[in-house]
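Residues per chain are reported as follows:
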Amino acid sequence: MKPEYRFRDIEAKWQKKWEEAGTFASREVEGAPRYYCLEMFPYPSGRIHMGHVRNYSIGDVIARFKKMKGFNVLHPIGWDALGLPAENAAIKHGVHPHQWTMENIDYMRSQLKKMGFSYDWSREISTCDPGYYRWNQWIFLQLYKRGLAYRKKSWVNWCPQCQTVLANEQVISGCCWRCDAQAEQKEMEQWFLKITAYAEELLSGHEKLVKWPEHVLIMQKNWIGKSEGTTVSFPVVDREEVIDVFTTRVDTIYGATFLALAPDHPLTLKLLERSPQKDRLVKWVKDQIAQRSLHREEPEERKEGIDTGQRAVNPYNGEEIPIWIVNYVLMDYGTGAIMAVPAHDARDFEFARQYNLEIREVIVPSGFAEREESELETAFEEYGVLVNSGPFSGLESRRAIEEMTKLAEEKGFGHRSILYRLRDWGISRQRYWGTPIPIVYCQRCGVVGVPEEELPVVLPSDVEFKGLEGSPLEKVASFTNTTCPQCGGPARRETDTMDTFFDSSWYYFRYCSPHESSQPFNPQLGAYWMPVDLYIGGVEHAILHLIYARFFCKVLRDLGLTKEDEPFPHLLAQGMVTKDGAAMSKSRGNVVDPDEMIQKYGADTLRLFILFAAPPEKEFAWNEKGIEGCFRFLNRLWTYFIDHLDIFEEKTASSTSTAPSSDSGRRLKTKVHQTIKKVTEDIEQRYHLNTAISAIMELFNLLKKEGETLKKNPEGRALLRETMESILLLLNPFAPHLGEELWAMTGHRAMLAETPWPKFDPQWAEEEKVTIVVQVNGKLRDKLEMAKDSEDRLVREEALKLPKIQKYLQGQTPKKVIYIPNKLVNIVL
RNA sequence: GCCGGGGUGGCGGAAUUGGUAGACGCAAAGGACUUAAAAUCCUUUGGAAGCCGCGCUUCCGUGUGGGUUCGAGUCCCACCCUCGGCACCA
């Protein structure tokens, strides 16, 4: 009776062996190059999903491959364990967030172990551990000391029914996601991190990220949104005040027919004071503010505005133009005020038409002298030549921008300026399950940071979760009532917790010394492991997480903890896992559970399939039949080995040194070395794991074919043994359990995981003979077998001699014969 | 609207620098084994036409239409479809 492929037993057996032997524990050893392979750590939502399986399978192939290549590999895992779902579970099911999270972590850890991932479990971290979030607090205090963390009033979404702040994602078409009440805008004190201080460096740092996918860099670039332009001051007529506007198109300023302020601009109410219709207009402004950001979900919002009756002076030509308050100008970008140039801005154009305001053309396309006085159908937003612009008429836009800005600087009514779309990062959350912000409010001393030696500020565990009112922490008197660290007087503790993106912004440093207790991480160990050599994760984090993490790395650098400017020089953005044309989701009911697949086919099959069916960066469409194909492949492999175990019992001489005497042997040996080359390059350079796997399949197919004759003599049997060993070595990163089992069954003592990656012999990896394609007028007509690197003239002659080619020539002399060495001959008639 | 990715057999995909389109796998069809089925193994498989005929020949074929080139899935221009990101950012 032949042993079956009992994958459940095999997988459990080797997982245990790896754990007992500490095979994947990373060490900081001299003499070997280091490699830090990191996958985005999961949120412990309950169970792992196929996206995790894919992400972590890709990482595991790289980690195991690098280990076999002789690197000291750091391949850690942990838990992004703080966050809203835990608190919602508490509200819904009455489980404490801590308990809920811990149970999820325990289950998901067991799932990851069942997948056989080569993690160094001794470095496992969890962000809800006070030993971790204490360093969130420490970092926050350093930021606070440097003015990079500050408090500011800002507008937030507020549900009047639930008495709590809502995140943007929790406002569904203007209403609270939980109680459906109309959400309001409320101004609250919030903590912010000054990421804008690093805007320029976050942008220029992209130049170092040559190994990031282009589209991720573009998304970040757009998010940071740098624009260069001019700030111009418009004095208000008969008043002290001056209105600053920012524009990238100062060349259009002679076409500015009004100024437009955001409803929440600080000058708005002042300007309305003298208006006869003051009450009505002020009410309009307040309504606009209250509704603001609710229509961010509805882009087709109608433009509205009111005339303040006040006027401002265009400093370039002294013209007085009206000042309007409009709903399409945003207070939190630029100065909150714009010069409106209807002829050359689509939004101003739309607004001016609606309110019958003047549309004055000052730019014409270059090549047109001056346009006929005709109705403009749309705003002309491109660069062109200035007209009706006083001394600047006739200049080209770009030139005009330069000169006009220069003039403003000379006369003192304006200057060059750079603006970023990037906003400071609001990190306050009125939630329990997050890191407490380490701040105390003292009646005498004001805002006081908790002293470092008192950290961590630990989350109280005795808290009620009713989900009805604001932060649960506000109701815990033992937490909020405290004493001022400066004066010892009575004080109130900050009850806001941190956005969980804070936690994930530096966790990759923590892995370098996860048990460090006197600082966030040990700088020497950080210097040893950082930067991360390969960071793998979903593209959905292209902006938020990856910008925050880059920001934190720079902050930690400025704090002297690291020398790295960029934490992740190489990013692999993996594609989504879909089924039936849509992302897997519970609501769609198209979720495939990894547990079921492990149970049915085993972890090796699941890993192999999820890597085989598509390259990592592309979308992966789940298909039940596909996984069966991979299962069959592993079964065929297993059976073949079992049937040929006797080959490994013989003590035949190794065939590595000599060339096989048969054609079969030469074909197989060539294929072995070609496959080693291809698999190595596919993993190392292209990360195209799907083609690496298919190359291994091809080799196995040829082994089966050629093996029939080869196994009849000792020389052939030695080659078969060598081939089979190569297959196990090459397959190890993909299907490590099966590999280890067969490796042991074929008499190897050392673990496969600890065995060096095979090397290819370039002589064998190259064909001795090449097939040369023969084309006539670019069409394939015949093929020619030639020795590699045959002489030019010889190949051309042979090609022309071919009977099929003769037929096409019909005695003509070719106009031209093109020869691409070892590839093709093209005969042009 | 702006920015970006993608469109290749019945399906997932391969073709790495402009040089044999369809590797590998799935599905399908036929055959072997079997009392039978499953499993397994073998063969065939882009489309069309032809041929004294079981293998070869010819033509067509990588979203559409043009272009560059001896040669284009790959480069250029225009368009269509699709997926993602941003969305009053001055």
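These numbers come from a predicted model, not from an experiment.

A. Up close: the packing of aromatic side chains. Under the counting rule described, the total for this entry stands at 50 aromatic pairs. For the ring pair Phe117 and Tyr119, a centre distance of 5.8 Å and an interplane angle of 65° mean the geometry is edge-to-face. For the pair shown, Phe117 and Tyr119 are each scored as buried. Measuring from centroid to centroid gives 5.8 Å for Phe633 and Phe700, while their planes differ by 85°, and the two rings are edge-to-face.

B. Representation of helix 11 (residues 397-411) within the structure. Its 15 residues give helix 11 an end-to-end C-alpha distance of 21 Å, which sits within 8% of 21 Å, the value for a rise of 1.5 Å per residue. Listing the buried residues of helix 11 in full gives Ser397, Ala400, Ile401, Met404, Thr405 and Ala408. Looking down the long axis of helix 11, one finds its buried residues gathered within 125° of arc, a one-sided arrangement. Exposed residues pointing more than 90 degrees away from the buried face of helix 11 are listed as Glu402, Lys406 and Glu410.

C. Up close: the pairing of strand 21 (residues 439-442). Both faces of strand 21 are covered, namely the face carrying Ile439 and Tyr441 and the face carrying Val440 and Cys442. Of the pairings in the sheet, the one linking strand 21 to strand 22 (residues 446-449) comprises four bridges and is antiparallel in character. For Val440, the partnering residue across the bridge sits in strand 22 and is Val448. Connecting the antiparallel pair strand 21 and strand 22 is a turn made up of three residues. Two strands pair when backbone bridges link them, and strand 21 and strand 24 (residues 490-493) are joined in this way by three bridges, in the antiparallel orientation.

D. Looking closely at the pattern of salt bridges. With the rule as written, the count across this model stands at 54 salt bridges. Put simply, Asp60 and Arg607 hold a salt bridge, and the shortest N to O gap is 2.7 Å. Residue Asp60 is located in helix 2 (residues 50-68), and its partner Arg607 is located in helix 17 (residues 603-612); the two are separated by 547 residues in the primary sequence. With relative accessibility at 0%, the residue Asp60 sits in the buried group. Looking at Arg607, the relative accessible area reads 0%, which means it is buried. Between Glu624 and Lys600 there is a salt bridge, with its nearest N and O atoms 3.6 Å apart. Of the two residues, Glu624 sits in helix 18 (residues 624-643) while Lys600 sits in helix 16 (residues 594-601), which places them 24 residues apart along the sequence. The exposure class assigned to Glu624 is partly exposed, which follows from its relative accessible area of 31%.

E. Structural detail: the nonpolar core. Ranked by size, the top nonpolar core spans 180 residues in total, and within it Tyr508 and Phe734 carry the most contacts. In terms of residue count, the dominant contributor to this core is helix 20 (residues 689-710) (eleven residues). If sequence neighbours within four positions are ignored, Phe734 has contacts with Val61, Asp604, Arg607, Leu608, Leu611, Ile683, Leu689, Ala692, Ile693 and Ile696. The next biggest cluster of nonpolar side chains, apart from the first, holds 39 residues, and it includes Val236, Val282, Val362 and Ala400.

F. Local environment of the side chain of Ser126. Mapped onto the fold, Ser126 is located in strand 4 (residues 125-126). Excluding residues within four positions of it along the chain, Ser126 makes contact with Trp79, Ala81, Ile105 and Tyr132.

G. Just the sheet that holds strand 15 (residues 337-340), in detail. Strand order in the open sheet formed by four strands is 13-14-12-15, and the pairing between neighbours is mixed. Single-partner strands in this sheet number two, and they are strand 13 (305-313) and strand 15. When strand polarity is set aside, the average angle formed by the axes of neighbouring strands in this sheet is 30°. In terms of strand pairing, strand 12 (residues 258-261) meets strand 15 through four bridges, oriented antiparallel.

H. Just the packing of helix 7 (residues 214-224) against helix 15 (residues 544-558), in detail. Interhelical geometry of helix 7 versus helix 15 gives an angle of 75° and a closest axis separation of 10 Å. Relative to helix 15, helix 7 is oriented roughly perpendicular. Here helix 7 contributes Gln220, Trp223 and Ile224 to the contact with helix 15, which in turn contributes Leu544, Leu546, Ile547 and Arg550. Among the residues forming the contact of helix 7 with helix 15, the class breakdown is five nonpolar, one polar and one charged.

I. Here's a closer look at the protein's contact with RNA strand B. As a matter of local geometry, RNA strand B sits amid 50 residues, with Thr248, Arg347, Lys678, Tyr808 and Asn826 nearest to it. Protein-adjacent atoms of RNA strand B, using a 4 Å cutoff, are sugar or phosphate at a proportion of 64%. One nitrogen or oxygen atom from the side chain of Asn690 is found 3.1 Å from a phosphate oxygen belonging to RNA strand B. If you tally residues by element for the surface near RNA strand B, the top one is helix 20, at six residues. Classifying every residue of the surface near RNA strand B gives 19 nonpolar, 13 polar and 18 charged.

J. Quick peek at helix 18. For helix 18, spanning 20 residues, the distance from its first C-alpha to its last is 29 Å, which sits close to the expected 28 Å at 1.5 Å a residue. All of the buried residues along helix 18 are Ile627, Cys630, Phe631, Phe633, Leu634, Leu637, Trp638, Tyr640, Phe641 and Ile642. If you follow the buried residues of helix 18, they end up packed against helix 1 (7-21), helix 16, helix 17, helix 20, helix 21 (714-731) and helix 22 (736-745). If you check the start of helix 18, you find a side-chain oxygen 2.7 Å away from the backbone N of Lys625, and it comes from Asn623.

K. Highlighting the state of the cysteines. Summed over all chains, the structure comprises zero disulfides. The closest cysteine sulfur to the non-disulfide-bonded Cys37 is located on Cys512, 13 Å from its own sulfur. Classification of Cys37 as buried rests on a relative accessible area of 0%.

L. Geometry of the sheet that holds strand 18 (residues 414-420). Read from one edge to the other, the open sheet built from three strands follows the order 11-10-18, with strand pairing classed as antiparallel. Pairing within the sheet leaves two strands with one partner each, and these edge strands are strand 11 (242-247) and strand 18. Neighbouring strand axes in the sheet, compared pairwise and without regard to direction, differ in orientation by 35° on average. Note that strand 10 (residues 226-235) and strand 11 share six bridges and pair antiparallel. The residue of strand 11 that forms the bridge with Thr230 is Thr247. Together, strand 10 and strand 18 form the strand contacts of helix 11, whose direction differs from that of strand 18 by roughly 120°.

Procedures and definitions
- Residues numbered from 1 in each chain as written.
- Chains lettered and ligands numbered in written order.
- Predicted model: local features only at pLDDT ≥ 70, side-chain atom pairs only at ≥ 80, totals over all residues.
- Heavy atoms only, no water.
- Phe/Tyr/Trp six-rings, centres within 6.5 Å; stacked < 30°, edge-to-face > 60°.
- Buried < 20%, exposed > 50% of the residue type's maximum accessible area, 1.4 Å probe, protein only.
- Helix = DSSP H or I, 4+ residues; strand = E, 2+ residues; numbered from the N terminus.
- Expected span 1.5 Å × (residues − 1).
- Arc of directions from axis to C-beta.
- Pairing = 2+ DSSP bridges.
- Salt bridge = Lys/Arg side-chain N within 4 Å of Asp/Glu carboxyl O.
- Core = buried A, V, L, I, M, F, W, Y, C linked by side-chain atoms within 4.5 Å.
- Contact = heavy atoms within 4.5 Å.
- Axes fitted to C-alpha atoms, helices over the stretch in contact; angles between N-to-C directions.
- Parallel < 35°, antiparallel > 145°, perpendicular 65-115°, else oblique.
- Nonpolar A, V, L, I, M, F, W, Y, C, P; charged D, E, K, R; others polar.
- Near = heavy atom within 4 Å.
- Polar contact = N/O pair within 3.5 Å; in protein donor to acceptor, adjacent residues only side chain to side chain.
- Disulfide = S-S within 2.5 Å.

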